Amino acid sequence: MLRSLVLILLLVNAAFFAWTQGWLNEVVGIRPDGQREPQRLTQQKAASQLIVVTPEPAEAPRSAPAVSPASEPASAVVASASEADAIRCLEAGPFPATQRTQLEALLRPVLPTTARQIDTVTVQGLWMVYMGPYADNDALGRKQDELRRIRGITFEPVRSPASLAPGLSLGRYTTQADAEAALERIRLRGIRTARTVTLRPASELLVVRVPRASGPDQQALAALTLPQNRGFAACR
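Residues numbered from 1 in each chain as written. Predicted model: local features only at pLDDT ≥ 70, side-chain atom pairs only at ≥ 80, totals over all residues. Heavy atoms only, no water.

### Overview of the overall build of the chain
Then, number 1: Along the backbone of the chain there are eight helices and eight strands.
Then, number 2: For the chain, the residues scored as buried account for 23% of the 236 residues in total. (Helix = DSSP H or I, 4+ residues; strand = E, 2+ residues; numbered from the N terminus. Buried < 20%, exposed > 50% of the residue type's maximum accessible area, 1.4 Å probe, protein only.)

### Some thoughts on the environment of alanine 233
Then, number 1: Tracing the backbone through its elements, the reader meets alanine 233 in strand 8 (residues 233-234).
Then, number 2: Among all residues touching alanine 233, those that are not within four sequence positions of it are Cys89, Leu90 and Glu91. (Contact = heavy atoms within 4.5 Å.)

### Thoughts on the pattern of salt bridges
Then, number 1: Scanning the entire structure with this criterion turns up eight salt bridges.
Then, number 2: One salt bridge connects glutamate 146 with lysine 143, and the closest N-O pair in it is separated by 3.0 Å. Taken together, the residues span about one helical turn, with glutamate 146 and lysine 143 both in helix 6 (residues 137-148) at a distance of three residues.
Then, number 3: On the basis of relative accessibility, which here comes to 18%, the residue lysine 143 falls in the buried class. (Salt bridge = Lys/Arg side-chain N within 4 Å of Asp/Glu carboxyl O.)

### Thoughts on unusual backbone geometry
Glycine aside, residues mostly have negative phi angles, and peptide bonds mostly take the trans form.
Then, number 1: Between glycine 93 and proline 94 the backbone carries a cis peptide bond, its omega angle lying at 5°.
Then, number 2: Across the junction of serine 160 and proline 161, the peptide omega takes the value 0°, indicating a cis bond.
Then, number 3: Inspection of the secondary structure puts proline 161 in the loop between strand 4 (156-158) and strand 5 (167-173).
Then, number 4: Even without being a glycine, glutamine 228 presents a positive backbone phi close to 60°.
Then, number 5: Summarising the element assignment, glutamine 228 is placed in the loop between helix 8 (215-222) and strand 8.
Then, number 6: Glutamine 228 gets classed as partly exposed once you look at its relative accessible area, which sits at 44%.
Then, number 7: Within the chain, asparagine 229 stands out as a residue other than glycine whose phi angle is a positive 55°.
Then, number 8: Of note, asparagine 229 is situated in the loop between helix 8 and strand 8.

### Thoughts on helix 7 (residues 176-187)
Then, number 1: Between its first and last C-alpha atoms helix 7 spans 17 Å; for twelve residues at 1.5 Å apiece the expected length is 16 Å, and the two agree.
Then, number 2: Burial in helix 7 covers these residues: Ala179, Ala182, Leu183 and Ile186. The buried residues of helix 7 occupy an angular sector of 105° when the element is viewed end-on, so they sit on one face. Facing away from the buried side of helix 7, by more than 90 degrees, are the exposed residues Ala177 and Arg185.
Then, number 3: Residues of helix 7 that are buried in the fold lie against strand 3 (126-131), strand 5 and strand 6 (195-200). (Expected span 1.5 Å × (residues − 1). Arc of directions from axis to C-beta.)

### Focus: the sheet that holds strand 5
Then, number 1: The four strands lie next to each other as 4-5-3-6, forming an open sheet whose pairing is antiparallel. Of all the strands in the sheet, the pair left with one neighbour each is strand 4 and strand 6. Strand-to-strand twist in this sheet, taken as the mean axis angle between neighbours without regard to direction, amounts to 50°.
Then, number 2: As defined by bridge partners, strand 4 adjoins strand 5 across three bridges and the pair is classed as antiparallel. Bridged to glutamate 156 within strand 5 is serine 169.
Then, number 3: Its contacts with the sheet place helix 6 against strand 3, strand 4 and strand 5, and it is angled at close to 55° to strand 5. (Pairing = 2+ DSSP bridges. Axes fitted to C-alpha atoms, helices over the stretch in contact; angles between N-to-C directions.)

### A few points about helix 8
Along an α-helix, a turn takes 3.6 residues, which lines up residues three or four apart on a common side.
Then, number 1: Inspection of helix 8 places Gly215, Gln218 and Leu221 among the buried residues, and these make up the whole buried set. The buried residues of helix 8 occupy an angular sector of 125° when the element is viewed end-on, so they sit on one face. Residues Pro216 and Gln219 are exposed on helix 8 and point more than 90 degrees away from its buried face.

### Overview of the nonpolar core
Then, number 1: Grouped together as the largest cluster of nonpolar side chains are 15 residues, with contacts concentrated most on Phe95, Val208, Leu221 and Phe232.
Then, number 2: Where this core is concerned, the elements lending two or more residues are strand 1 (88-96), helix 5 (100-107) and strand 7 (203-213).
Then, number 3: Contact partners of phenylalanine 232, with chain neighbours within four places excluded, come to Leu90, Glu91, Ala92, Leu107, Val208, Val210, Leu221, Leu224 and Leu226.
Then, number 4: With 14 residues, the next largest nonpolar core counts Met131, Tyr134, Leu168 and Ala194 among its residues. (Core = buried A, V, L, I, M, F, W, Y, C linked by side-chain atoms within 4.5 Å.)

### Topic: the side chain of glutamine 218
Then, number 1: Mapped onto the fold, glutamine 218 is located in helix 8.
Then, number 2: Look at glutamine 218 and you get buried, because its relative accessible area is 16%.
Then, number 3: Among all residues touching glutamine 218, those that are not within four sequence positions of it are Ala86, Arg88, Leu90 and Ala213.

Okay, structure coming up:
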């Protein structure tokens, strides 16, 4: 009996060994690795080498840096300062030549003589070959009719100044010599009542010029009270 049991165990062990080696796959129909799936072992990661990464909290969106009112207009302040310090050419006038001493006294405390100049400007005179004044417009009209009959004579009515109205101008000239020469030519045409009158005598006027006025200079010049209430302006 014992021998039979030992023999049975040996047969069972031999059969199990043969099955585990795959020798009985065709007979039994069950593969020895069907349940164990050893291929999964090759897909496992080494647990000792795994590192758990904790996600960092999301950063709050960064807002644009605030611009302080004091820092924002820095360029504007520089521009304003540059404009205030800009060098400009200024002039004032014209003034009568008799006011040179007065102008010098006003400018002396403000600017040195090297920073300013007083220029003399010659203004041309104006003369006219003139007929009149006439008693009324009717007399003026009759004289115009007479002149129209004379070939080569041009004229125009004179309405101002009041001392010469109503009258007739037979030409305007910038020198007295030219006016006198024109008058002689007119008299040769038979016009005897014409004469020359001075509308504006030639004169010399003064113009104050500051070629390089700085910002402080401009402010000081603007505060001056000049003759005839004239002020400084940009040079022409």
